[in-house]
Amino acid sequence: MRKVSANIDFLLTQSEVKTFFLVRIQNRSIDIKVTNQPFDLNIPTLGNFSSSMPLVEFVTPIIEDATNRESYKLSFTGPAEELSLLAEQIEVGTVVTVYMGLYNVTENPAGGVGPGEPLTNVDDLVVAFSGPVDSKEYAADAVEMSRILTLECSGPMAMISARKAFITTKNQLQSIDPSDTAFDQVYKDSGSLVLLWGKE
């Protein structure tokens, strides 16, 4: 069971609950923070979460039985150049953390904020998801005339034995881990190799 602050516990007992989401995407080359709100949110100790690339959808898994794959989907929309650059920078294994927060829907101050304002204290946030990116999809929506970046993220206990192809280039791999030498031999020219058999 998740532990929540006294402020969140109190607001969850109200007849109306209004939520917001914060998403942090991190790997060795990026640290992106966005929110689904129409304005930026500054969270002490976490930093500023931008509204410039809106979170369109956050889909949690429907768990029907113990063998279901636990999967989360995040969809973003925004300027084509910004989204395409982000799609290039996010690789399989990039860590995504989704925080959920609540608005003060009461008529009195709560959690240090006035009525109708979001609770931005880090103690008043709940981690809705934290895990790696499993796959990504970047597509154009011709009807809406927009671009959509969808990330599928798996929970740490999802499909432990699953294998998924990791297609990359030497440059992309170096951006994730500069010390990785997996591609060094792949790009070398072919040549002859003399093997000695038997004992001397």
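Fair warning: this is a prediction, and the values are worked out from it, not measured in the lab.

### A short note on the pattern of salt bridges
Once the charged atoms of two side chains with opposite charge are near each other, the side chains can pair.
So, point 1. Summed over the entire model, instances satisfying the criterion amount to one salt bridge.
So, point 2. With a closest N to O distance of 2.8 Å, Arg 24 and Asp 31 form a salt bridge.
So, point 3. Under the relative-accessibility criterion, Asp 31 is labelled partly exposed at 40%.

### Some remarks on helix 2 (residues 80-89)
Every α-helical turn comprises 3.6 residues, leaving residues that sit three or four positions apart pointing alike.
So, point 1. Within helix 2 the residues assigned to the buried category are Leu 83, Leu 86 and Ala 87. Seen from one end, helix 2 has its buried residues packed into an arc of 100°, which puts them on one side. Across from the buried face of helix 2, at angles greater than 90 degrees, the exposed residues are Glu 81 and Glu 88.

### As for unusual backbone geometry
With the exception of glycine, most residues fall at negative phi, and the peptide bonds are largely trans.
So, point 1. For Thr 45, which is not glycine, the phi dihedral falls at a positive 75°.
So, point 2. Structurally, the position occupied by Thr 45 is in the loop between strand 3 (41-43) and strand 4 (47-49).
So, point 3. The exposure class assigned to Thr 45 is exposed, which follows from its relative accessible area of 76%.

What counts, and at which threshold
Residues numbered from 1 in each chain as written. Predicted model: local features only at pLDDT ≥ 70, side-chain atom pairs only at ≥ 80, totals over all residues. Heavy atoms only, no water. Salt bridge = Lys/Arg side-chain N within 4 Å of Asp/Glu carboxyl O. Buried < 20%, exposed > 50% of the residue type's maximum accessible area, 1.4 Å probe, protein only. Helix = DSSP H or I, 4+ residues; strand = E, 2+ residues; numbered from the N terminus. Arc of directions from axis to C-beta.

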